[in-house]
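Summary of the model geometry
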Amino acid sequence: MATQTALHSPSTDTGGRSVVIRGQDVGKTFGGGAVVALEGASFEIPKGAFVSLVGPSGCGKSTLLRLISGLIDRTSGELTVHGKPVSGPHTDVGMMFQRATLLDWRTSLENVLLPSEITRTPTRADKDRAAELLRLVGLKDFLFAFPSQLSGGMQQRVALARLLQTGADILLLDEPFGALDEFTRERLNIELMRIVAEVGATTLFVTHNIAEAIFLADQVFVMTPRPGRIVEIVDVPFERPRPLSIQTSPEFNALVARVRDLFGGVH
Amino acid sequence: MAVQEIAGVTAPPGRGLSIGQRRALTHAAIFISLIGLWEAASRLGWLDPLFYPRPSDILVSFWLIYVQNGNVGWNLYVTLGLVLAGWVAGSVLGVGLGALVGFNPLVRRFLKPYVIVLEATPRIAVAPLLIAALGFGAPSKIAIIMLVCFFAPFINTLSGVVNVDPGRMELFRSLRASKLQVMRKLVLPDAVPVIMAGERLALTAALSGALVAEFIQRDQGIGSMILIYTRNLNMASAFACIFTLTIVGFLMFKGMELVDQRVAYWKNEAGLKRVSDRRRARAQAEGVI
Amino acid sequence: MTTRALPFPVGLLRLLPHLALFLALMVLWELAVRWGFITSIIIPRPSAIVGAIGKLYVTEGTIYRHFVITLTAAVGGFLIGAGIAVTLAVWSSLSEPFKRYVSPYAIVLNVTPGIALTPIIIAWFGYGIGSKIALAAVICFFPIFVNTLTGLTERDEDREELFRSVGASPRQVFVKLRVPAALPLMFAGLKIGLTTALIGAVVAEFAQATAGVGVLMGRFSFALDMASSLATLLSMTLIGLILFYAMEFLDDRIVFWRREARMSAVSQARARAWKSGNGE
C-alpha cells in the first residue's frame, strides 16, 4: 500500500514546477550508528531550482549531496530523484568537487569528453558539444591545453564543462570554488548562475559562506552539525539576474543576519 | 640559483669569456689536474702501476681493446643482448604481476608477507642457485637478470595501481564507469610515470645482474673480460672496460630519460606542448574546431 | 607494525589465514616433488630445506660464523659509504662551487655499475673482509648521497624567510631548518643504501672470498645441494630483514613526526617533561 501511494502521489505544487528531488526523514550514520552524519532531512526541490546548502564542517552537507548522487547509501528515510528511489550512482545527476579532479594526461577537450566515453564511443556530436561547452565556460582558447597549464580557476571551468557534458539535469556542486581566491570565486559564481539558467538545470550548491549561499540560491538549506540536520529552509526572494550590488542592499544583509542567527542559536 | 645570478652580475666585465665558458674551463682544469696527479703519482712510484694503472696506460688499452684486438665489440654485444632480453622479460612479468596484484585486494593481502621477504633478500644472491639449476650458458644468465630486475617494476606498478587519487575515483564512480574503464582510463595512465621510474631502476639492475652472472660463468661478455683482465693483472684494460660500462650506463640513462619524456608526456613542458599541438592539428583536420 | 599494539588473540586471528595458506603451499610443494611433478634436484622438498636449516643452524651450526662475517662486512661498508656520502652531500649543499665541480663525478659514479668494480676491488683489497667492505661502500654511496643532497637543497622559501625575519644565522638556518627537513629523504636513501651494501658484500663473496654466506651459497650451489643453498638464501633474507628493521627503527625514532603513533608518543613524553620542568 505504502509503495503504491508513494508512486502515485502527485508532485507537490511548488510554484507550478514539478518536484525532482524529494527527501523524507533521510538519515545517514557511519560506523554502525556510532557517527550520525545526517538526521531527519526532509525537503522538496522543484525543477530548475538553485539550492544552496550552507553550514559549518560536519553538518552533513556533503553527505546529503553524496546520498542524492547515490555514491553512498542512506541508512534511513525515503529519497527519490524523478520519483524513483535512489540506489547506487545514476545518470540523472552529475557531480563536481572542490578539486577539479581532471586527468593530467588529457587536454581540456578530452577531459570534457570523458563522461561521453564512459557511456559510449564519442560521436562527432559529442565532440562538438564538448567544444561548445568549453566556449560556454569561457575557455575557447584552451581546448588543447593540459590541466597543468591552466590556473586553478580555469581547471574548475573545465570541470564544470565536464559536468555539463554528462547531460544530467541535476547538478551537485560540492564547494566547487572553495579553493580559489575571492575574486576568481565571485566571477565564477556569476558565470555559474548564467550557465545553469541557460541549460535549465536543477542545482545543489554546497558552501560554508553564508553570503555566497544566499546570493546564488532560490532556497538556502541551513544545516548544523552534531548531528547533521537541516534546521531551516530559507527562501530567497531576489529577482534574477542578480547584480553583485544586491549584496550591499539592506534586504540582503537582513537575510544574512537571519541565517547567521540560526547558527548562533545552536552554539 | 640565486648565487649564480649574483655571480653573473658582479663578474668583472671585459674578460672576453662568458660564465659558461669559464666554468667549462674550470671543469677541464680540475679534470686534467686530477688525471695529471694520478699519472705523476704512478710515475714517481707512489702508486704501484701493477695495481693502479696510469691514465696513459688506460688510454692505450682503449686503443687495444677497441681497435687492435677489437674484442670489446663482440663481448659488449653479448652482454647487452642478455641485458635486453632479461630486462624485457622481467619488466613484462613485473608490470603484469603488479597490475594483477594491485587490482585484487585479497591477493594483495596474502602476498604482502612474501613481498616483504623478497624485498629484504639480496636478489642477486640467487645467481649461483640459478646457474646450478639451469646450467652454464645464456638461459641461466637471462633468468638471473630477469629475477634481479623484476622487483622494481613490480612494486612500482603495484603502488601506482593502489595509490589512485580518491577524488578521481569518486568522479569515475559518479559517472558509473565500469571496472575495465576505471582501469584503462584512470588507473593505468595514472601509474605510467611511476612504472617508468621502476623500469629505469630495472635497467640499471639488469646490467649489474648480467655482470654478476658473467663473473660467475667467466665465458664471454664484458663482465668476463673485466674478471680475466684483472686476474692477469692487466688492470689498464680492466679499467678501459669499466669506463666502457660508464658510457653504456650513461647512454642507457639518457635513453630511458628520452622514453620517459615521451611516454609520460604530461610531466614535462616540451611533452605537453608537443602533444597539445598534435591533438589540435588532429581536431582541426576532423573539423571539431 | 600495528599488530604489535593489538591484543594477542586478534593478532593471532589475523595471522591464521596467512599461516594456513603458507602451510597449504608447502604441503602442495612437498607433494609435487614427492610425486615427481618437479625434479628434486632443481627444486628440493620443503622438508629437505627445513632439514638443511636444522643442520646449518642447530646440529652443525656452521652458518653463524659466515652470517656474522657478511653482516659485519655489509654494516662496515655501509657506515663508510654513508659517512662519505653524507659528508659530501652536506658540503655540496653549503658550497655552490663545490657542488658544481663535484657533481659530474657523482654522475659518472651513478651511471657506472658499481658491481663492475668487483674483480678490481678484490685485486686491491685481497680475499678477506676488506674487499667486501670496500665494494659495499662503493655501491651504497650514490643513493645516500643523492637523497641527502636533494633533501638539503629543496628549500622551503617561506620557512627560510621566517628564519631570516627572526634574525637566524646561516648556521641556525642549517641546523634548525634544513637538516630536520632533509631527514625523511636522507633516511629513505639510507634504507636503500643498506640493502645495496648487503648486495655488495654478497657479490664480493661470490667472486672470491673464504668466508661469508655468499661463499657458502656458491659452495652449496656448485655441489648441487639445493636444499642447503635455499637455506643459505633464507639466511641472507634474515640479514636483510635485520638490517631493514634496524634502519626502520632509527627512522621511526628520529623522524617521528612522519608517523601518527610515534608523534603522539613523543607529544606525550614532551608534555610530561614540560610538567616536571615546571615543578607541577
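Residues numbered from 1 in each chain as written. Chains lettered and ligands numbered in written order. Predicted model: local features only at pLDDT ≥ 70, side-chain atom pairs only at ≥ 80, totals over all residues.

1. Quick look at the overall build of chain A
Basically, it comes down to this: Every helix listed is a DSSP run of H or I at least four residues long, and every strand listed is a run of E at least two residues long, numbered separately from the N terminus. Based on C-alpha atoms, the radius of gyration is set beside the globule rule, defined as 2.2 Å times the residue count to the power 0.38. Three classes are used. A residue is buried when 20 or more other C-beta atoms lie within 10 Å of its own, exposed when 12 or fewer do, and partly exposed in between, with C-beta atoms placed from the backbone.
When helices and strands are counted, chain A shows 8 helices and 10 strands. Computed over its C-alpha atoms, the radius of gyration of chain A comes to 19 Å, within 12% of the 18 Å expected for a compact globule of 267 residues. Taken over 267 residues, chain A has a buried fraction of 45%.

2. A look at the overall build of chain C
Cut-off, in case you're wondering: Working definition of a contact: two residues with C-beta atoms, positioned from the backbone, lying within 7 Å.
Across its full length, chain C carries 11 helices and 0 strands. Starting at the N terminus, the α and β elements of chain C follow one another as α-α-α-α-α-α-α-α-α-α-α. The C-alpha atoms of chain C give a radius of gyration of 24 Å, which is well past the 19 Å a tight globule of 280 residues would have. If one aligns the C-alpha atoms of chain C with their principal axes, the spans along those axes are about 75 × 55 × 35 Å. Every one of the 280 residues in chain C was classed for burial, and the buried ones make up 35%. Partitioning the intrachain contacts of chain C with sequence separation of at least 6 by distance along the chain shows that 74% fall at a separation of at least 24.

3. Points about the sheet that holds strand β5 (residues 84–85) of chain A
All names here are of chain A. Selection rule: In short, DSSP must find at least two bridges between two strands for them to pair.
Read across the open sheet, the 4 strands follow the order β2-β1-β4-β5; overall the sheet is antiparallel. One side of each edge strand has no neighbouring strand; the edge strands of this open sheet are β2 (35–46) and β5. Relative to β5, strand β4 (residues 76–81) runs antiparallel, the two being bridged by 2 bridges. By the bridge assignment, Thr80 is partnered in β5 with Pro85.

4. Notes on the interface of chain B and chain C
To keep it simple, the criterion reads: Here the nonpolar group is Ala, Val, Leu, Ile, Met, Phe, Trp, Tyr, Cys and Pro; Asp, Glu, Lys and Arg are the charged ones; every other residue, Gly included, is treated as polar.
Each partner contributes residues to the interface: chain B has 37 residues there, and chain C has 38 residues. When residues in the side of chain B that touches chain C are grouped by element, the largest group, 8 residues, is from helix α11 (residues 235–263) of chain B. Across the side of chain B that touches chain C, the residue classes tally to 30 nonpolar, 7 polar and no charged.

5. Here's the deal with the pairing of strand β8 (residues 202–207) of chain A
Residue and element names in this part refer to chain A. Counting buried positions along β8 gives 6 out of 6 residues, so the element sits mostly inside the fold. Judged by which residues are buried, β8 turns out to be covered on both faces: Thr202, Leu204 and Val206 on one side and Thr203, Phe205 and Thr207 on the other are all buried. As defined by bridge partners, strand β3 (residues 50–54) adjoins β8 across 5 bridges and the pair is classed as parallel. Within β8, the position partnered with Ser52 by the bridge is Phe205.

6. With respect to the sheet that holds β3 of chain A
Within a beta sheet, neighbouring strands are joined by backbone hydrogen bonds and run either parallel or antiparallel to one another. Residues and elements named next belong to chain A. Applied cut-off: Only the contacting stretch of a helix is used when fitting its axis, a line to C-alpha atoms as for every element, and angles between N-to-C directions run 0 to 180 degrees.
On the basis of which strands lie adjacent, the open sheet formed by 6 strands has the order β6-β7-β8-β3-β9-β10 and mixed pairing. The outermost strands of the open sheet, each flanked by one partner alone, are β6 (93–96) and β10 (229–235). The average angle at which neighbouring strand axes cross in this sheet is 20°, direction not considered.

7. Here's the deal with helix α2 (residues 46–59) of chain C
Residue and element names in this part refer to chain C. Put simply, the test is: For a helix, the expected span equals 1.5 Å multiplied by the residue count minus one. Here, the arc refers to the directions that run from the helix axis to the C-beta atoms.
Here α2 spans 18 Å end to end across 14 residues, near enough to the 20 Å set by a 1.5 Å rise per residue. What α2 keeps buried is the set Ile49, Ala52 and Leu56. One face of α2 carries all of its buried residues, which in axial projection span an arc of 60°. Facing away from the buried surface of α2 by more than 90 degrees, the exposed residues are Gly54, Val58 and Thr59. Downstream of α2 by a residue or two, Gly61 has a phi angle that is positive, lying close to 65°.

8. Considerations on helix α6 (residues 182–199) of chain A
All names here are of chain A. Its 18 residues give α6 an end-to-end C-alpha distance of 26 Å, which sits within 8% of 26 Å, the value for a rise of 1.5 Å per residue. Within α6, the full set of buried residues consists of Leu188, Leu192, Ile195 and Val196. End-on, the buried residues of α6 take up no more than an arc of 90°, which puts them together on one face. More than 90 degrees from the buried face of α6, the exposed residues found are Phe183, Arg194 and Glu198. On its buried side, α6 packs onto β3, α4 (124–136), α5 (152–165), β7 (170–174) and β8. Count one or two residues on from α6 and you reach Gly200, which has phi positive near 70°.

9. Some points on the interface of chain B and chain A
Listed per partner, the contact involves 19 residues of chain B and 24 residues of chain A. When contributions to the side of chain B that touches chain A are tallied by element, the ones reaching two or more residues are α8 (166–174), α9 (179–217) and α12 (269–286) of chain B. Taken together, the residues that form the side of chain B that touches chain A break down as 9 nonpolar, 4 polar and 6 charged.

10. Observations concerning the arrangement of the chains
With 2 pairs of chains in contact, the largest contact count belongs to chains B and C. Nowhere do chain A and chain C come into contact; their C-alpha atoms are at least 20 Å apart.

11. Observations regarding the confidence of the model for chain C
All names here are of chain C. To keep things clear, this is the line we draw: Summary of the metric used: pLDDT quantifies the predictor's per-residue confidence within the range 0 to 100.
Mean pLDDT over chain C works out to 88, with 95% of the residues at or above the 70 mark. This model gives residues 1–8 a pLDDT under 50, and the stretch forms 3 contacts once residues within four places in sequence are excluded. Interface confidence for the predicted complex, given as ipTM, is 0.86, next to a pTM of 0.84.

12. A word on the packing of helix α4 (residues 71–103) of chain B against helix α10 (residues 222–231) of chain B
All names here are of chain B. Using the following cut-off: Under this scheme an angle from 65 to 115 degrees is roughly perpendicular, one under 35 degrees roughly parallel, and one over 145 degrees roughly antiparallel; angles in between are oblique.
Orientation of α4 relative to α10, taken along the N-to-C sense of each, is 130°, at an axis distance of 7 Å. The angle between α4 and α10 places the two elements in the oblique class. Here Asn75, Leu76 and Thr79 of α4 lie close against α10, whose contacting residues are Ile222, Gly223 and Met225. Here the contact of α4 with α10 is composed, by residue class, of 3 nonpolar, 3 polar and no charged.

13. Here we look at the packing of helix α5 (residues 118–125) of chain C against helix α8 (residues 170–207) of chain C
Residue and element names in this part refer to chain C. Two elements in contact, α5 and α8, have axes separated by 10 Å at closest approach and are oriented at 75°. Considering their axes alone, α5 and α8 lie roughly perpendicular with respect to each other. Taking contact as the criterion, the partners of Thr118, Pro119 and Ile122 in α5 are, on α8, Val203, Ala204 and Ala207. Across the contact of α5 with α8, the residue classes break down as 5 nonpolar, 1 polar and no charged.

14. Digging into the nonpolar core
As a reminder of what qualifies: Each nonpolar core comprises buried Ala, Val, Leu, Ile, Met, Phe, Trp, Tyr and Cys residues, the members being joined through C-beta atoms within 7 Å.
Ala127, Ile145 and Ala206 of chain B together with Ala136 of chain C are the most contacted members of the largest nonpolar core, which totals 125 residues. When residues in this core are grouped by element, the largest group, 16 residues, is from α9 of chain B.

15. Focus: the pairing of β4 of chain A
Residue and element names in this part refer to chain A. Both strand β1 (residues 19–30) and β4 contribute to a ladder of 5 bridges, which runs antiparallel. If you follow Gly27 over to β4, its bridge partner there is Ser76. With antiparallel pairing between neighbouring strands as the criterion, β4 and β5 make up a hairpin whose turn holds 2 residues, including His82 at a positive phi of roughly 55°.

16. Considering the environment of Ser108 of chain A
Within the secondary structure, Ser108 of chain A sits in helix α3 (residues 108–119). Along the primary structure Ser108 of chain A and Val158 of chain A are separated by 50 residues, whereas in three dimensions their C-alpha atoms are 6.3 Å apart.

17. Overview of the environment of Arg66 of chain A
Residue and element names in this part refer to chain A. Along the chain, Arg66 turns up in helix α2 (residues 61–69). Placed 106 residues apart in sequence, Arg66 and Leu172 show a C-alpha to C-alpha distance of 8.6 Å. When sequence neighbours within four positions are dropped, the list of residues in contact with Arg66 reads Leu71 and Ile72.

18. Quick look at unusual backbone geometry
Residue and element names in this part refer to chain A. Put simply, Arg226 and Pro227 share a cis peptide bond, and its omega is -10°. In this structure, Pro227 sits in the loop between β9 (219–224) and β10. The linkage connecting Arg240 with the following residue, Pro241, adopts the cis geometry, with an omega of -5°. Among the structural elements, Pro241 can be located in the loop between β10 and α8 (250–264).

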